[in-house]
Structure formats: C-alpha cells, structure tokens
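Remarks on the overall topology
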Amino acid sequence: QVQLTESGGGLVQAGGSLRLSCAASGRMFNSYTMGWFRQAPGKERDFVAAISWNGDRTYYADSVKGRFTISRDGAKNTVFLQMNSLTPEDTAVYYCAASPARYSGSDRYARATSYNYWGQGTQVTVSS
C-alpha cells in the first residue's frame, strides 16, 4: 500500500510562488510514476504535471508549462511541484497521485485513470 500526503498549499498573490510537497510511504516509491492533478470548484480534475519512475522524463499541461516544475527526491520519498508566476486560474485543490506502472507517452501520464493512489489534496488560492 502507498499513502500520499500533500502539503505546501496556501494563499498567495498573483505573480507569487508556492512549492507543494507530496510525502509517500511504502517501499516501492522509487519505482512509481508520480503525478499532480488539480480540481477547481465545479470543474473536473485536470492533469498538471507528471514525472517518470526514475525522474528522467517530465510532462506538463500546456496551461502550466514554463511556470511549474515537478521533481522527486528518492532519498526523502517526496515529490515536489514548484509553482511560479501564479494566477487566479491556478486556484484549485491540488492532488498527488502514484502508479506502479511505467508509462510511455504523455497521453497515459496525463489521465487520472492511470493512477492507483491519491492524496487528500492541498488547497491553493491565488488572489488577484
């Protein structure tokens, strides 16, 4: 079993930055594909970013590319999402997700159904 706990959310002004963390429990963390998704009120859960099991490949939604960076630290069993140049459109609950599978192609990385484990989410609010 894998348990994921997000942290680092909060209130920030437009143009500011936040770094989200996802702490994972389990022995197989370094073999898992990891992703970040977000869900705004009244909206579907959307893909944000993903990272391959070994950290060699990353994928981003067009809306965050160039502003967000996903990374992982195997020694700490943690995945990060650095968010810069935030706008009110980034306001959402952000969820960390994990999958034991190793995917090829951004289409599979970006689908919520590709992931088996989910965190509880952390709120990110960006003010104008």
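Look above for the structure.
Scope of this entry: the structure provided in the associated data block.

Conventions adopted
Residues numbered from 1 in each chain as written. Predicted model: local features only at pLDDT ≥ 70, side-chain atom pairs only at ≥ 80, totals over all residues. Heavy atoms only, no water. Phe/Tyr/Trp six-rings, centres within 6.5 Å; stacked < 30°, edge-to-face > 60°. Helix = DSSP H or I, 4+ residues; strand = E, 2+ residues; numbered from the N terminus. Buried < 20%, exposed > 50% of the residue type's maximum accessible area, 1.4 Å probe, protein only. Lys NZ or Arg CZ within 6 Å of the ring centre and 35° of its normal. Pairing = 2+ DSSP bridges. Axes fitted to C-alpha atoms, helices over the stretch in contact; angles between N-to-C directions. Disulfide = S-S within 2.5 Å. Salt bridge = Lys/Arg side-chain N within 4 Å of Asp/Glu carboxyl O. Core = buried A, V, L, I, M, F, W, Y, C linked by side-chain atoms within 4.5 Å.

What about the packing of aromatic side chains?
For the coordinates displayed, the defined rule picks out 7 aromatic pairs. Ring geometry for Phe37 and Tyr115: centres 5.3 Å apart, planes at 75°, overall edge-to-face. Here Tyr115 lies in the loop between helix 1 (106–109) and strand 10 (117–118) and Phe37 lies in strand 4 (residues 33–39), a separation of 78 residues in the sequence. In this structure, Phe37 and Tyr115 share a single accessibility class: buried. Ring-pair connections join several aromatic residues into one group, and the members of that group are Phe37, Phe47, Tyr115 and Trp118. Between the NZ or CZ atom of Arg45 and the centre of the ring of Tyr95, over which it lies, the distance is 3.8 Å. Here the guanidinium or amino end of Arg45 rests over the ring plane of Trp118, the centre of that ring lying 5.0 Å away.

Thoughts on the sheet that holds strand 8 (residues 78–83)
If you walk across this open sheet you meet the 4 strands as 1-3-8-7, and the pairing is antiparallel. Two strands bound the open sheet, and with one partner strand each, they are strand 1 (3–7) and strand 7 (68–73). In this sheet, neighbouring strand axes are inclined to one another by 15° on average, regardless of whether the strands run parallel or antiparallel. The pairing of strand 7 with strand 8 spans 6 bridges and is classified as antiparallel. Opposite Asp73, over in strand 8, you have Thr78 as the bridge partner.

Details of the state of the cysteines
Under the criterion given, the structure shown has 1 disulfide. In this model Cys22 forms its disulfide with Cys96; the gap between the sulfur atoms is 2.1 Å. Handedness here is read from the sign of the S-S torsion; for Cys22 and Cys96, about -80°, the answer is left-handed. Highlighted residues: Cys22 in strand 3 (residues 18–25) and Cys96 in strand 9 (residues 92–99), separated in sequence by 74 residues. For Cys22, a relative accessible area of 0% corresponds to the buried category. Taking relative accessible area as the criterion, Cys96 reaches 0% and is therefore assigned buried.

Quick notes on the pattern of salt bridges
Pairing is possible between side chains of opposite charge, provided their charged atoms come close. Overall, the coordinates contain 2 salt bridges when judged by the stated rule. A salt bridge links Arg38 to Asp90, with the shortest nitrogen-to-oxygen separation between them at 2.9 Å. In this pair, Arg38 sits in strand 4 while Asp90 sits in the loop between strand 8 and strand 9, placing the two residues 52 residues apart along the sequence. Residues Arg67 and Asp90 are paired through a salt bridge, measuring 2.8 Å at the closest nitrogen-oxygen approach. Placement of the pair is Arg67 in the loop between strand 6 (58–60) and strand 7 and Asp90 in the loop between strand 8 and strand 9, with a sequence separation of 23 residues. Taking the relative accessible area as the measure of exposure, Asp90 reaches 1% and is therefore buried. Linked through salt bridges whose partners overlap, the residues forming this network are Arg38, Arg67 and Asp90.

A word on the nonpolar core
Side chains of nonpolar character tend, in soluble globular proteins, to be buried together. Core analysis: the largest hydrophobic core is formed by 36 residues, its most contacted members being Met34, Trp36, Leu81, Met83 and Tyr94. Of all elements in the fold, only strand 3, strand 4, strand 5 (46–51), strand 7, strand 8, strand 9 and strand 11 (122–127) reach the threshold of two or more residues within this core.

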